[in-house]
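Residue-level listing of the chains:
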Amino acid sequence: MIDLGFLGDSVHLIPSLWELKRHYPDAPLHVLTTAIGAEVLRMAPCVDRAWVFPLGPKSPPWWRHWDIIRALRREKFDLAINSAERIARFF
C-alpha cells in the first residue's frame, strides 16, 4: 500500500488495511508512508511493516532516497495500491 498522505490520511486508511488483511490473512501487508503515517500505522496490528518515505516542505528530492527505493524493489511485491479510494474499489 502506498500512502503518502499525512496523519489524517493514514488514520482513514486503517479500516481498508484491516479489510485487506481479513481477505488475505497470509499475505504480508507493507505500507509506504510518511514518518507521521508510519507512527500511526505501526500501531495497527494488521500492518506487517511501515516503510518511511520522507516528505515535507524541507524533504530532499525523491531521487535522493534510492536506498529506500532499492529496498522496496528487493521485496518483489505482487501488488501495489496507491490510495484508500482505489482499495475500496478493489473489493
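Residues numbered from 1 in each chain as written. Predicted model: local features only at pLDDT ≥ 70, side-chain atom pairs only at ≥ 80, totals over all residues. Heavy atoms only, no water.

S.K.: It is not clear to me how the sheet that holds strand β2 (residues 30-33) should be interpreted in this structure. Could you clarify?
M.R.: Either a parallel or an antiparallel arrangement is found when strands of a sheet pair, and the pairing is made through backbone hydrogen bonds. With respect to topology, three strands assemble into an open sheet ordered β1-β2-β3, the strand pairing being parallel. In this open sheet, the two strands that pair with only one neighbour each are β1 (2-3) and β3 (49-52). Here four bridges tie β2 to β3, and the two strands are oriented parallel to one another. For H30, the partnering residue across the bridge sits in β3 and is R49. Of the strands in this sheet, β2 and β3 touch helix α3 (residues 66-75), which is tilted by about 150° from β3. (Pairing = 2+ DSSP bridges. Helix = DSSP H or I, 4+ residues; strand = E, 2+ residues; numbered from the N terminus. Contact = heavy atoms within 4.5 Å. Axes fitted to C-alpha atoms, helices over the stretch in contact; angles between N-to-C directions.)

S.K.: What am I meant to see in the environment of D78 here?
M.R.: For D78, the position within the fold is in the loop between α3 and α4 (84-90). D78 gets classed as exposed once you look at its relative accessible area, which sits at 82%. Between the alpha carbons of D78 and A27 there is a distance of 10.0 Å; along the sequence they are 51 residues apart. (Buried < 20%, exposed > 50% of the residue type's maximum accessible area, 1.4 Å probe, protein only.)

S.K.: Quick question: what am I supposed to make of the nonpolar core here?
M.R.: Nonpolar side chains in soluble globular proteins tend to be buried together. Within the largest apolar cluster, 13 residues are counted, with the highest numbers of intra-cluster contacts made by M1, L17, V31, L41 and V47. Secondary-structure elements contributing two or more residues to this core are α1 (7-23) and α2 (35-41). In terms of residues, this core owes the most to one element, α1, which gives four residues. (Core = buried A, V, L, I, M, F, W, Y, C linked by side-chain atoms within 4.5 Å.)

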